[in-house]
Amino acid sequence: MFVVATAGHVDHGKSTLVKALTGMEPDRWELERRRGLTIDLGFVWTVLPSGREVGFVDVPGHERFLTNMLAGLGPAPAVCFVVAADEGWREQSSDHRDALAALGVDRGLIVVTRTDRASADRIAEVTAQARHELANTGLADAEAVAVSARDGTGLDDLRGALDRMLSALPQPRSGRVRLWVDRAFTVTGSGTVVTGTLEAGALASGERLDLFGRDGRREVTVRGLQSHGRPLDAARPVSRTAVNLRGVAHDAIHRGDALLTPGAWPVTTLVDVCRVGPGMGPRELPEWLTAHIGTVAVPVRVRPLDGDHLRLTLARGLPLQRDDRLALRDPGAGRILGGVRVLDVDPPELVRRGDARRRAGALAGLAQDAAALAEVQRRGAVRRTRLDDLGLETGVVPDGVEAVGEWWVTTRLMHHWQMRLRSAVTELHDRDPLAAGLSYGAARDLLSLPDPALLGAVVDGAGVAARGGLLSLPERRSDLGPAEAGVCALEKRLAADPFAAPEADDLAALGLGVRELAAADRAGRLLRLGDGLVLLPTAPARAMRELARLPQPFTTSQARQALRTSRRVAIPLLENLDARGWTRRIDAGHREVVRPSGRQAAETG
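Residues numbered from 1 in each chain as written. Predicted model: local features only at pLDDT ≥ 70, side-chain atom pairs only at ≥ 80, totals over all residues. Heavy atoms only, no water.

A. Structural view of the overall build of the chain. The secondary structure content of the chain amounts to 19 helices and 32 strands. In terms of overall dimensions, the chain is more spread out than a globule: its C-alpha atoms have a radius of gyration of 39 Å, far above the 25 Å expected for 605 residues. Every one of the 605 residues in the chain was classed for burial, and the buried ones make up 49%. Excluding contacts between residues fewer than 6 apart, the proportion of contacts in the chain whose partners are at least 24 apart in sequence is 66%. (Helix = DSSP H or I, 4+ residues; strand = E, 2+ residues; numbered from the N terminus. Rg over C-alpha atoms; globule rule 2.2 N^0.38 Å. Buried < 20%, exposed > 50% of the residue type's maximum accessible area, 1.4 Å probe, protein only. Contact = heavy atoms within 4.5 Å.)

Shown next, in the form of structure tokens:
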């Protein structure tokens, strides 16, 4: 499906034209039909010769209804720009041209109407005039068609031109939904219905959506869908779509509200923009203007950053993204001053002298392919989904950025985290060589990481070892500081008599308490079998060589005698061997050696 809006001066035959094309009356109100003046938006549709189905949004041309006109043009991807052959270009023609240029509508046709009232020379003159007036807009090269809705002349040519124009439209975007509401009403037996132009994404019956408007955000459910009077299971872009909603009354919804994919759209009241369009309007702008996007109009405060860039403060939050186009209107003068393109929907504060000038310079160099990089550089670390929400390109990770799970982190910040972590672990070891290491929690607090999931990548690049939830320096794990002398003496003693574990008095004499023994165990220098009971790490393997020589199964007493040790040492040591799977306990008094696997054989020598 396709959607095309009309544009042009009041009483130039826009409504008559779409009625002739579709056979449907676009003016919905009795007052409009009686006065012959379109006041609000009208919606009709038809099928073109190619089979393409197209809906028309008919907009009012009178200057008093400029806001309604902007609501109709805002969501439309293409336009039929209407100029009457007998009257030619008029004042509201310029208003509508400026609106299209501001909103970035650059696909469409020039339709010269009421040709039954003008000569061939006059038709050619008006066509040339329209081309001249549209020369600096996206419609500069638009195909021109001359028609008379009254006698049907040129209507077939117009249908053909519509087909050609629509065939060249870019494919609509997939992904998240943002449907700007233009009408809300109730239908007996169905309840609340809203309508709008579905520009991107898809809608399905039963789907949950966010309804965002002047009263905030609320969850609603799609009860049913229609397009062009037909029920649908799913609606796809670009199409005029009626959405039957559950969970909200129709009088709680207003034009300018939006149906959104839940959780996918950031809402902002502050945006940085660049001026776009022919001439970009007057250089000096009033402080207060009205911004139009989609079907919504919201007051904004304008802060110039330089001649081409502005900061807009919105009177209320809107779901915006990068590259959105807004039309700026002076509500006092009742005219459109120009258009802007959104560059940043979450800009930094401007607090210091010169910040505005520096910000303008940064925005000037913010090309589309560099926008994501600039955003990551500004924040240091940001979720990729947040960049998507901001409308930034995330297909390729830029140079200078590291992708860590769902996060994009600047290489500079990652290096800073890694250096700070290594310094902290080094300082801890220097201060207390017996410390087990820096805990994960302390590391996260130290670095103020935005997500604990980032710690793994920091650790990997910091040259620290992670063990048991603690971080330490691998090259200094064996350095026991003041306990080094006592551990060395104990190592020599156990090397000579490997199963003669020292008594508590011996350990005290060597200056080895609980902390010192725990540190030596972590460093792989000693093996703790229990409180105050230590051997060398090689003791289990040496014990296995002796036990393997015993008749199988063997008793605890036989093991004690073979190892020439005490029961105080033998029982914990045998339990250690059981835990390793090297021996197996048969009953209360007997064990046997388990035939070693290749790996176990290597460990036991």
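Structure shown, so let's carry the discussion forward.
B. Highlighting the sheet that holds strand β32 (residues 590–593). In spatial order, the strands read β30-β32-β31; together these three strands make up an open sheet with antiparallel pairing. The outermost strands of the open sheet, each flanked by one partner alone, are β30 (554–555) and β31 (583–585). Here β31 runs beside β32; their pairing, made up of three bridges, is antiparallel. Directly across from T583, in β32, lies its bridge partner V593. (Pairing = 2+ DSSP bridges.)

C. Looking closely at the packing of helix α1 (residues 14–22) against helix α6 (residues 155–167). Two numbers describe how α1 lies on α6: the axes approach to 11 Å, and their chain directions differ by 85°. Our classification of the angle between α1 and α6 gives roughly perpendicular. Along its contact with α1, which presents L17, A20 and L21, the element α6 presents L155, L158, R159 and L162. For the contact of α1 with α6, the class distribution of residues is six nonpolar, no polar and one charged. (Axes fitted to C-alpha atoms, helices over the stretch in contact; angles between N-to-C directions. Parallel < 35°, antiparallel > 145°, perpendicular 65-115°, else oblique. Nonpolar A, V, L, I, M, F, W, Y, C, P; charged D, E, K, R; others polar.)

D. The arrangement of the sheet that holds strand β22 (residues 381–383) in detail. Pairing within the open sheet is antiparallel, and its three strands lie in the order β22-β24-β23. Each edge of the sheet is formed by a strand with only one pairing partner; in this case those strands are β22 and β23 (401–404). Taking each pair of neighbouring strands and ignoring which way they run, the sheet shows an average axis angle of 25°. Bridge count for β22 against strand β24 (residues 407–410) is three bridges, and the pairing is antiparallel. Paired with V382 across the two strands is W408, which belongs to β24. Against the sheet, helix α10 (residues 411–431) makes contact with β22, β23 and β24, and its axis sits at roughly 80° relative to β24, the strand it touches most.

E. The arrangement of the packing of aromatic side chains in detail. Tallied over the entire structure, the rule returns one aromatic pair. Look at F81 and W89: their rings are 5.3 Å apart centre to centre, the planes differ by 5°, and that puts the pair in the stacked class. Classification of F81 as buried rests on a relative accessible area of 0%. Residue class for W89 comes out buried when judged on its relative accessible area of 10%. In this arrangement the basic side chain of R176 is found over the ring face of W265, its NZ or CZ atom lying 3.8 Å from the centre. (Phe/Tyr/Trp six-rings, centres within 6.5 Å; stacked < 30°, edge-to-face > 60°. Lys NZ or Arg CZ within 6 Å of the ring centre and 35° of its normal.)

F. Summary view of the nonpolar core. In terms of nonpolar packing, the biggest core is built from 36 residues, with V271, V300, L310, L312, L314 and L328 touching the most fellow members. Those residues in contact with L310 that lie beyond four places of it in its chain are V271, D272, V273, R275, L285, V302, R303, P304, L305, L328 and V340. The next biggest cluster of nonpolar side chains, apart from the first, holds 35 residues, and it includes F43, L103, I123 and V126. (Core = buried A, V, L, I, M, F, W, Y, C linked by side-chain atoms within 4.5 Å.)

G. Seen up close, the pairing of β23. Of the pairings in the sheet, the one linking β23 to β24 comprises four bridges and is antiparallel in character. Paired with A403 across the two strands is W408, which belongs to β24. Counting the residues between successive antiparallel strands, the hairpin from β23 to β24 contains two residues, one of them, G405, with a positive phi of roughly 60°.

H. Quick peek at the environment of P347. Looking at the element boundaries, P347 is found in the loop between β21 (335–344) and α7 (355–364). Taking the C-alpha atoms as reference, P347 lies 33 Å from T221; in sequence the two are 126 residues apart. With near-sequence residues (within four places) excluded, P347 lies in contact with L270, V271, D272, R311, R359 and R378.

Remember that the coordinates give geometry; whether it matters functionally is a separate question.
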